[in-house]
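# Survey of secondary and tertiary structure
This is what each chain is made of:
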Amino acid sequence: MGAIGNGGPDWVERPAHRLWLLDQARQLFDLFLPSLDPAGGFRPLDRQWQPLEGPADALRQIHDTTRMVHGYALAQELGLPGAGRMIDHGMEALWTRHRDARHGGYVWSFGPEGPVNATKQAYGHAFVLLAASSARMAGHPDADRLLSDVAEVIRTRFWDATAGASREEFTEDWHPLGPYRGQNSNMHLTEALMAAFEATGESEWLRMAESIALLLIDRHARAEGWRVPEHFDDRWQVNRDYAGDPMFRPAGTTPGHALEWSRLLVQLWHLGGRRHGWLQEAAEALFLHTTRIGWDHRLGGFYYTLHWSDRPDREDRYWWPCAEGIAAAHALRRSGGDERFEGWYRRIWNFVAAHFLDRAHGGWFAELDPALNPVERVFRGKPDLYHAVQACLIPLVPPSAGVLQGLRTLSLAGPAHG
């Protein structure tokens, strides 16, 4: 990959770039409208934005429902007509289809006849908290009851005060499913806790987010040379040999998660009044180490996973690590980082524009093979609004706030300052 020059003002300081970002986001919001399923929840879409029709496509999974609520709360904040209907639909599905009125909590998936996977997952509950917090900031009338309900479940069922992090998974009636503890669910809970803090002003949520970051990043990632361990036992000891679901729990290390943490740590540093200097230090270290070992310096793009020796494991490129790299590079640059972060911001966007943007049908391809051809090995169709639209909107807002909170001060003419 050739060098990317940093001449002139940063891209986010240029009105044309900011308009391009907003235009990309608006296109995504329009393209995902056909996902609304009148029978409940949101349908998966193929590459041409038509509903997928296979047997598994009748399932409505909680991370899809919640991410659509969060995404269209962003659209609502932008003032885009039609967003309210999507939020209403998702909030209804969360309360009447995912919520377990008998045992409490929220089931992973439902189908036409009711719950299919009725387990209670920390990952899913993190996104319920995010959706509820975003809906509250967007002024949805049902947000308070959802936020109150999921907050109680997280406090009483998932939160392990001794560890300072979340337990992982339970049966429908709250029996632990095993000793596994996961980085991924706790990372997304950190994101949701910061959103809850912004939505409510309750400092408890911020303290919990700081506790997770302290455990996973300041303790574990620092000890591993700024590699983020993914899998743990119930004593929070790293399990290097674990290999689970390739979508949610792949073996080895995942560069995209280190990039995601980098951006979250910057936001956490700002929300906490910049009290904990290690957060900014860790954010920079994670980003620079990950771009060194996780980026293909010949063809471009982030490998999906690495062996613990830093050799590529799954060499396919997924869209979401690039989306997270864009957001992290922006956050670090706007929080006083040097020109390396602007260089990476441009480099990743140029790669996305060349290889991930679907020029024929719109949106982003989900996967590329090692030769950078679109493939469907783990993800089918156009699976997700959340990562791509945040890559477009986060650079428009200050790194000191969550994306929805930041959109309230959106200016298309000037930069997003910390």
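The text that follows walks through the structure, step by step, so that each part is easy to find. (Residues numbered from 1 in each chain as written. Predicted model: local features only at pLDDT ≥ 70, side-chain atom pairs only at ≥ 80, totals over all residues. Heavy atoms only, no water.)

## A few points about the pattern of salt bridges
The condition is simple: A pair is scored as a salt bridge if a Lys or Arg side-chain nitrogen falls within 4 Å of a carboxyl oxygen belonging to Asp or Glu. A run of H or I in DSSP becomes a helix once it reaches four residues, and a run of E becomes a strand once it reaches two; helices and strands are each numbered from the N terminus. The cut-offs for exposure are 20% and 50% of the maximum accessible area for each residue type, with area from a 1.4 Å probe on protein chains only; residues under the lower value are buried, those over the upper are exposed, and the others partly exposed.
Counted under the stated rule, the structure contains 28 salt bridges. Residue Asp144 is joined to Arg136 by a salt bridge in which the shortest nitrogen-to-oxygen separation is 2.7 Å. Of the charged contacts in the structure, one is a salt bridge between Arg227 and Asp310, with a shortest N-O distance of 2.7 Å. Pair noted here: Arg227 is in the loop between α7 (203-223) and β9 (231-232) and Asp310 is in the loop between α9 (277-294) and β10 (317-318), with a separation of 83 residues, a long-range link. Asp310 gets classed as buried once you look at its relative accessible area, which sits at 19%. One continuous salt-bridge network, built from bridges that share partners, spans Asp10, Glu13, Arg333 and Arg334.

## Let's talk about the packing of helix α6 (residues 183-200) against helix α8 (residues 255-271)
Applicable threshold: Helix axes are fitted to C-alpha atoms over the stretch in contact, other axes to C-alpha atoms as well, and angles between N-to-C directions run from 0 to 180 degrees. Small angles under 35 degrees read as roughly parallel and large ones over 145 as roughly antiparallel, with 65 to 115 read as roughly perpendicular and the rest as oblique. By definition, turning the near helix anticlockwise from the far helix through less than a right angle yields a left-handed crossing, and turning it clockwise yields a right-handed one. Residues count as neighbours in contact if any of their non-hydrogen atoms are within 4.5 Å of one another. Residues are grouped as follows: Ala, Val, Leu, Ile, Met, Phe, Trp, Tyr, Cys and Pro are nonpolar; Asp, Glu, Lys and Arg are charged; all remaining types, including Gly, are polar.
Contact geometry of α6 with α8 gives a least axis separation of 11 Å together with a crossing angle of 30 degrees. Judged by the angle between their axes, α6 and α8 are roughly parallel. α6 and α8 meet at a crossing whose hand is left-handed. Mapping the contact onto sequence places Gln183, Asn184, Met187, His188, Thr190, Glu191, Met194, Phe197 and Glu198 in α6 and His257, Glu260, Trp261, Arg263, Leu264, Gln267, Leu268 and Leu271 in α8. Classifying every residue of the contact of α6 with α8 by side-chain character gives 7 nonpolar, 6 polar and 4 charged.

## Some thoughts on the nonpolar core
Across soluble globular proteins, you tend to see nonpolar side chains buried next to one another. So the rule is basically this: Here the nonpolar core consists of buried residues drawn from Ala, Val, Leu, Ile, Met, Phe, Trp, Tyr and Cys, with membership extended through side-chain atoms lying within 4.5 Å.
In terms of nonpolar packing, the biggest core is built from 130 residues, with Tyr72, Ile217, Trp261, Trp349, Trp364 and Leu393 touching the most fellow members. If near-sequence neighbours (up to four positions away) are discounted, Trp364 is found in contact with Leu28, Trp319, Ala323, Trp349, Val352, Phe356, Leu357, Asp358, Lys382, Ala388 and Ala391. Within the second largest apolar cluster, 5 residues are counted, among which are Val153, Phe158, Phe170 and Trp174.

## Structural notes on the packing of aromatic side chains
Applied cut-off: Any Phe, Tyr or Trp ring, taking Trp's six-membered ring, that has another such ring centre within 6.5 Å forms a pair; planes under 30 degrees apart are called stacked, those over 60 apart edge-to-face, and the others tilted. By definition, being over a ring means that NZ of Lys or CZ of Arg is both within 6 Å of the ring centre and within 35 degrees of the ring normal.
This structure, assessed with the given rule, holds 26 aromatic pairs. Measuring from ring centre to ring centre gives 5.7 Å for Trp295 and Phe351, while their planes differ by 70 degrees; the resulting arrangement is edge-to-face. One end of the pair, Trp295, is in the loop between α9 and β10; the other, Phe351, is in helix α11 (residues 339-356), with 56 residues separating them in the sequence. The exposure class of Phe351 is buried, given its relative accessible area of 1%. Plain terms: the ring middles of Trp319 and Phe379 are 4.9 Å apart, the flat faces sit at 90 degrees to each other, and that makes the pair edge-to-face. Residue Trp319 is located in helix α10 (residues 319-334), and its partner Phe379 is located in the loop between β11 (367-368) and α12 (386-393); the two are separated by 60 residues in the primary sequence. On the basis of relative accessible area, Phe379 is assigned to the buried category, the value being 11%. Feature note: the residues Trp20, Phe287, Trp295, Phe302, Phe341, Trp344, Trp349, Phe351, Phe356 and Trp364 constitute an aromatic cluster, connected by ring pairs. When the ring centre of Trp308 is taken as reference, the NZ or CZ atom of Arg240 above it lies at 4.1 Å. Above the plane of the ring of Phe365 lies Lys382, whose end atom (NZ or CZ) is 5.9 Å from the centre.

## Some points on the layout of surface pockets
Condition: Only protein atoms enter the calculation, which uses a 1 Å grid: trapped sets of points that fit a 1.4 Å probe without letting it out are cavities, open sets showing protein on both sides within 12 Å along at least five of seven lines are pockets, and any residue with an atom within 4 Å of a point is a lining residue. Grid points are joined across faces, edges and corners, and a volume is the space filled by probe spheres set on the points.
The volume enclosed by the largest pocket comes to roughly 840 Å³. Lining the largest pocket we find 38 residues, and of these Gln61, His63, Asp64, Met247 and Pro383 sit closest to its centre. For the lining of the largest pocket, the secondary-structure elements that each account for two or more residues are β1 (60-61), α2 (62-78), α6, α8 and α10. Counting residues per element, the lining of the largest pocket draws most heavily on α2, at 4 residues. Estimated volume of the second largest pocket: approximately 250 Å³. Along its surface, the second largest pocket is lined by 17 residues, and Trp108, Gln121, Tyr123, Phe248 and Arg249 are the ones closest to its centre.

## Comments concerning the packing of α6 against α7
The contact between α6 and α7 brings their axes to 8 Å, and the two run at 155 degrees. Relative to α7, the element α6 lies roughly antiparallel. Read as a crossing pair, α6 and α7 show a hand that is left-handed. Along the contact surface, α6 presents Gln183, Asn186, Leu189, Thr190, Leu193, Met194, Ala196, Phe197 and Thr200, while α7 presents Ser203, Trp205, Leu206, Met208, Ala209, Ile212 and Leu216. Here the residues of the contact of α6 with α7 sort into 11 nonpolar, 5 polar and no charged.

## Some thoughts on the side chain of Ser109
Definition in use: Counting of polar contacts relies on pairs of N or O atoms within 3.5 Å, with two restrictions inside protein: one atom must be capable of donating a hydrogen and the other of accepting it, and residues adjacent in sequence are counted only when both atoms are side-chain atoms.
Along the chain, Ser109 turns up in strand β2 (residues 109-111). Assessed through its relative accessible area of 2%, Ser109 is described here as buried. In terms of polar contacts, Ser109 uses its side chain to reach the backbone amide nitrogen of Asn117, at 3.1 Å. Excluding anything up to four places from it in sequence, Ser109 contacts Leu59, Arg60, Gln61, His98, Pro115, Val116 and Asn117.

## A look at the sheet that holds β1
For the record, the criterion: Note: two strands are recorded as paired if DSSP finds a minimum of 2 bridges between them.
Spatially, β1-β2-β3 is the arrangement adopted by the 3 strands of the open sheet, whose pairing is antiparallel. Taken across any chain shown, the strands that pair with only one partner, and hence form the sheet edges, are β1 and β3 (114-117). Alignment of β2 against β3, held across 3 bridges, turns out to be antiparallel. What sits directly across from Phe110, in β3, is Pro115. Strands β1, β2 and β3 of the sheet are contacted by helix α3 (residues 83-98), whose axis makes an angle of about 85 degrees with β2.

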